[in-house]
Amino acid sequence: MAGFKEARGDLQLESVTKTFGDFTAVDGIDLTVPRGSFFALLGPSGCGKTTTLRMVAGLEQPTAGRVMIGDTDLTGSRPYERPVNTVFQSYALFPHLTIRDNVAFGPKRRKDKDASTRTDDALELVQMTQFAGRKPHQLSGGQQQRVALARALVNHPEVLLLDEPLGALDLKLRREMQVELKRIQTEVGLTFIHVTHDQEEAMTMADTVAVMNKGHIEQLGPPAHLYDLPRTRFVANFLGQANTGVGAIEGTDGEHLVADVFGTKVKISRARSQVHDGEVLFGVRPEKVTVSRQQPQGVGNDVKGVVRDVSFLGVATSYLVDMPSGATWSCYEQNLDVEPIDLRPGDEVWLTWNPGHAFGVPVEEA
Amino acid sequence: MSSLAQVSQVAGDPAVHPTAPAPETEKRSWTAYLLLLPGVLWLGVFFILPLVQLAAVSLQSRFPGFPGYYYRDLNFENYLSALTDYAPHFARSFLYAGLATFLAFVVAYPLAYAMAFKAGRWRNLMMICVVAPFFTSFILRTFAWSQILADEGPVAAVLNFLHLLPGGHIINTPVAVVAGLTYNFLPFMVLPIYASLERADPRVIEAGGDLYANGFTTFRTVTLPMSMPGVLAGTLLTFIPAAGDFVNMELLGPQRGKMVGNVINDQFLAVPGGYPVAAALSFTLMAAILAMVFLYVRRFGTDELV
């Protein structure tokens, strides 16, 4: 095919910028996505994640910067010249074609001699063979989703882009499709780039997550790392829940920074803080906080608060505790004991946590 | 109707509403009939009854010696006469209407496409321009066309100057008739095509490009098929009235070689005792159009999308 670029390798974005009039949607992103990985672009709506995806697909051209796969520069080439396929939000199936013709569309355009076999295989992979003769409007949302996936996968693209592919599905189906997508990605071994605003979805499926905000990448890494050690206030709040407080760093105590947070001395592991003097936003995840009636000894951090609310969740009990600073913290206690501590709203409790579980980030958002 | 069915299911389910009164559904279905009533009455009095009357007239015979008087009969010779004497008129009607429909499609599709995808903030203005002719009367616009196409008018003058007009005239030729028909029914072609293009999900068209189809292939395999319901509606809305039209032929056409609409008009108004034949011609035209539309929709219609 004229102009088609047979590129292989890692996807690289080099200082990619996209502006629409005065608005900068994507602001100088540098990114390398290793071949064969499952990569998630996570962020709130309007953060530039979909625009980034569309620039990889060729549906938008960057205002500045380069889009490469391996050594091939794809910047400026048309969507149909790229070894990249997209699973669109709301699927964008061809309404006038049968499921089979939808899936066969790409292979036919490329004059693939094995178009028919490949179409069969792709339908098989997403378990839609029995619906091959139907039209898209005769299928449920989940089924359309599978067809959209098959229609992209059948081309064996170097990079597969998924634009909020599970957003229109109900929770149960979404969970199923998360597992399914992960299975398919492992099976076909292609590079998947998944755009989503659902942090749970990103963490469940992706090897690497890039958290985007206001057109740039805040932090990038394996989901567990991002959750355990966020480097910005935005990441700390966007990815999971975080109990936070603002304090002034007063000194060090061995490996720990000592900060004055709501009138109490709080220790943060030095290696886990992005700031080492001045103001720090200190945080700890809810499941890392222990609730007890008596002040425990030697843990390192403890604060006295008042229970506001108790919710029994089965595997865990969730507490909301009003802190002296005025903030409300949440804590999860796993229900390991037969008789858990019986707390009621209004009770005074001690919250404790290990300094090695806390993190410190700059107070100001970047 | 499906919502009515659902309502009745819920109301009739004792587990949902143990004491739900059954009249609830009856009340609702009465509302539906009440809403239908004005339309049904209007169509009954002003469409169905005249149609039955016309059917009766088409089978009447003349009183010999009393021009303009008829008696009730089953005289199918009126239909025979309609088909044999006026076959060329039918043929011309369908030919001119077909040409006008084709030309209107050729003009309307790019226009509708531009309005749907390229016009941006000019879209509303373009829409007004398409609809603006409706603010003046059909007859008046056709009169204007007789001026435009007249021998001393601008079109003929330019073409004559360039020696591009073999006969020397446009007015009073079939060309003028087809031009008038094309112009007069153009909005009926533009609007449905525009509606179907505007409704198309732009991501579906993008998907064509994403799946290795270049611009033209995407148009041929995705955009055009998706707009077929609009094309179908537009061609029907153009062809059907154009085939029965007589005004364009009357004002722009030649003296001889009329369309069937003109024959019906003359038989009713100008020929003494022409009513039965005019009625038979009307029914034949209606049947012919219905048959053509049926075949056309069967061939090109996509039931899911219409």
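Residues numbered from 1 in each chain as written. Chains lettered and ligands numbered in written order. Predicted model: local features only at pLDDT ≥ 70, side-chain atom pairs only at ≥ 80, totals over all residues. Heavy atoms only, no water.

Draft legend 1. Geometry of the overall build of chain A. Within chain A, the regular secondary structure consists of eight helices and 20 strands. With respect to the three principal axes, the spread of C-alpha positions in chain A is 75 × 45 × 35 Å. Here chain A holds 366 residues, and the buried ones make up 52% of them. Of the contacts formed within chain A by residues at least 6 apart in sequence, a portion of 66% connects residues at least 24 apart. Total accessible area on chain A is roughly 16,000 Å²; 48% of this is exposed by carbon and sulfur atoms. For chain A, the distance from the average position of its 38 positive side-chain charges to the average position of its 47 negative side-chain charges is 8 Å. (Helix = DSSP H or I, 4+ residues; strand = E, 2+ residues; numbered from the N terminus. Buried < 20%, exposed > 50% of the residue type's maximum accessible area, 1.4 Å probe, protein only. Contact = heavy atoms within 4.5 Å. Areas by Shrake-Rupley, 256 points an atom, 1.4 Å probe, with all protein chains shown as cover. Lys, Arg positive; Asp, Glu negative; His and termini not counted. Charge placed at Lys NZ, Arg CZ, Asp CG, Glu CD.)

Draft legend 2. Representation of the overall build of chain B in the model. A count of helices and strands for chain B gives 14 helices and two strands. The 306 residues of chain B split such that 37% are buried. Contacts spanning at least 24 positions in sequence make up 66% of the contacts within chain B whose residues lie at least 6 apart. On chain B, roughly 17,800 Å² of surface is accessible, and the fraction owed to carbon and sulfur atoms is 70%.

Draft legend 3. Looking closely at the layout of surface pockets. When its volume is computed, the largest pocket comes out at roughly 600 Å³. Lining the largest pocket we find 24 residues, and of these A:R78, B:Y113, B:I205, B:E206 and B:T218 sit closest to its centre. Those elements that provide at least two residues to the lining of the largest pocket are helix 4 (87-118), helix 8 (174-199), helix 9 (202-210) and helix 10 (215-226) of chain B. It is helix 9 of chain B that provides the largest number of residues to the lining of the largest pocket, a total of five residues. A breakdown of the residues in the lining of the largest pocket according to their chemical character gives twelve nonpolar, seven polar and five charged. (1 Å grid on protein atoms, 1.4 Å probe; cavity = no way out; pocket = protein on both sides within 12 Å on 5 of 7 lines; lining within 4 Å. Points joined across faces, edges and corners; volume = space filled by probe spheres on them. Nonpolar A, V, L, I, M, F, W, Y, C, P; charged D, E, K, R; others polar.)

Draft legend 4. Structural detail: the packing of helix 4 of chain B against helix 10 of chain B. Residue and element names in this part refer to chain B. Where helix 4 meets helix 10, the axes come as close as 13 Å, and the angle between the chain directions of the two elements is 80°. On the basis of the axis angle, helix 4 is roughly perpendicular to helix 10. In contact with Y109, Y113 and F117 of helix 4, helix 10 contributes F219, T223 and L224. The class makeup of the residues in the contact of helix 4 with helix 10 is five nonpolar, one polar and no charged. (Axes fitted to C-alpha atoms, helices over the stretch in contact; angles between N-to-C directions. Parallel < 35°, antiparallel > 145°, perpendicular 65-115°, else oblique.)

Draft legend 5. Quick look at unusual backbone geometry. With a phi close to 45°, A:H156 is a non-glycine residue in the positive phi region. The phi torsion at B:N172 lies on the positive side, around 65°, for a residue other than glycine. With respect to the helices, strands and loops of the structure, B:N172 is situated in the loop between helix 7 (154-161) and helix 8.

Draft legend 6. Representation of the sheet that holds strand 15 (residues 290-292) of chain A in the model. Residue and element names in this part refer to chain A. Taken in spatial order, the five strands line up as 15-19-16-17-18 in an open sheet, and their pairing is antiparallel. Where the open sheet ends on each side, the last strands, each with one partner, are strand 15 and strand 18 (328-334). Adjacent strand axes in the sheet meet at a mean angle of 45°, parallel and antiparallel pairs treated alike. (Pairing = 2+ DSSP bridges.)

Draft legend 7. View of the pairing of strand 11 (residues 243-253) of chain A. Residue and element names in this part refer to chain A. The pairing of strand 11 with strand 14 (residues 279-284) spans six bridges and is classified as antiparallel. What sits directly across from G247, in strand 14, is V280. Looking at chain direction, strand 11 and strand 12 (residues 256-261) are connected through six bridges and run antiparallel. For I249, the partnering residue across the bridge sits in strand 12 and is A259. Adjacent in sequence and paired antiparallel, strand 11 and strand 12 are bridged by two residues, among which G254 carries a positive phi angle near 65°.

Draft legend 8. Examining the domain arrangement of chain A more closely. Split into domains, chain A comes out as domain 1 (11-228) and domain 2 (241-361). For domain 1 of chain A and domain 2 of chain A, the distance between their C-alpha centroids amounts to 39 Å. (Domains from an automatic or database assignment.)

Draft legend 9. Molecular detail of the side chain of A:K49. All names here are of chain A. With respect to the secondary-structure elements, K49 resides in helix 1 (residues 49-57). A distance of 3.2 Å separates the side chain of K49 from the backbone oxygen of G43, its partner in a polar contact. Other than its neighbours up to four places away in sequence, K49 contacts L41, L42, G43, P44, E164, V195, T196, H197 and M212. (Polar contact = N/O pair within 3.5 Å; in protein donor to acceptor, adjacent residues only side chain to side chain.)

Draft legend 10. The pattern of salt bridges, seen in detail. Considering all chains together, one arrives at 29 salt bridges over all chains under this definition. Where A:R54 meets A:E60, a salt bridge forms, and the shortest distance between an N and an O atom there is 3.3 Å. With respect to burial, A:R54 and A:E60 carry one shared label: buried. Between A:D73 and A:R66 there is a salt bridge whose closest N-O contact spans 3.4 Å. Among the charged side chains, a network of salt bridges with common partners joins A:K18, A:R54, A:E60 and B:E206. (Salt bridge = Lys/Arg side-chain N within 4 Å of Asp/Glu carboxyl O.)

Draft legend 11. Up close: the interface of chain A and chain B. Taken residue by residue, the interface counts 28 residues in chain A and 20 residues in chain B. Interface area, chain A with chain B, both sides summed: about 2,100 Å², of which 63% is carbon and sulfur. Among the residues chain A hides against chain B, the three largest losses belong to A:Y80, A:H96 and A:R109. Together they make up 27% of the total. Of the charged contacts, one joins B:E206 and A:R54 as a salt bridge, the two residues approaching to 2.5 Å between their closest N and O atoms. In this structure, the connection of chain A to chain B is made through seven residue pairs in polar contact (both at pLDDT 80 or more). Only helix 1, strand 6 (84-87) and helix 2 (99-109) of chain A provide two or more residues apiece to the side of chain A that touches chain B. Its residues placed into classes, the side of chain A that touches chain B shows 13 nonpolar, eight polar and seven charged. (Buried area = accessible area lost by both parts, 1.4 Å probe.)

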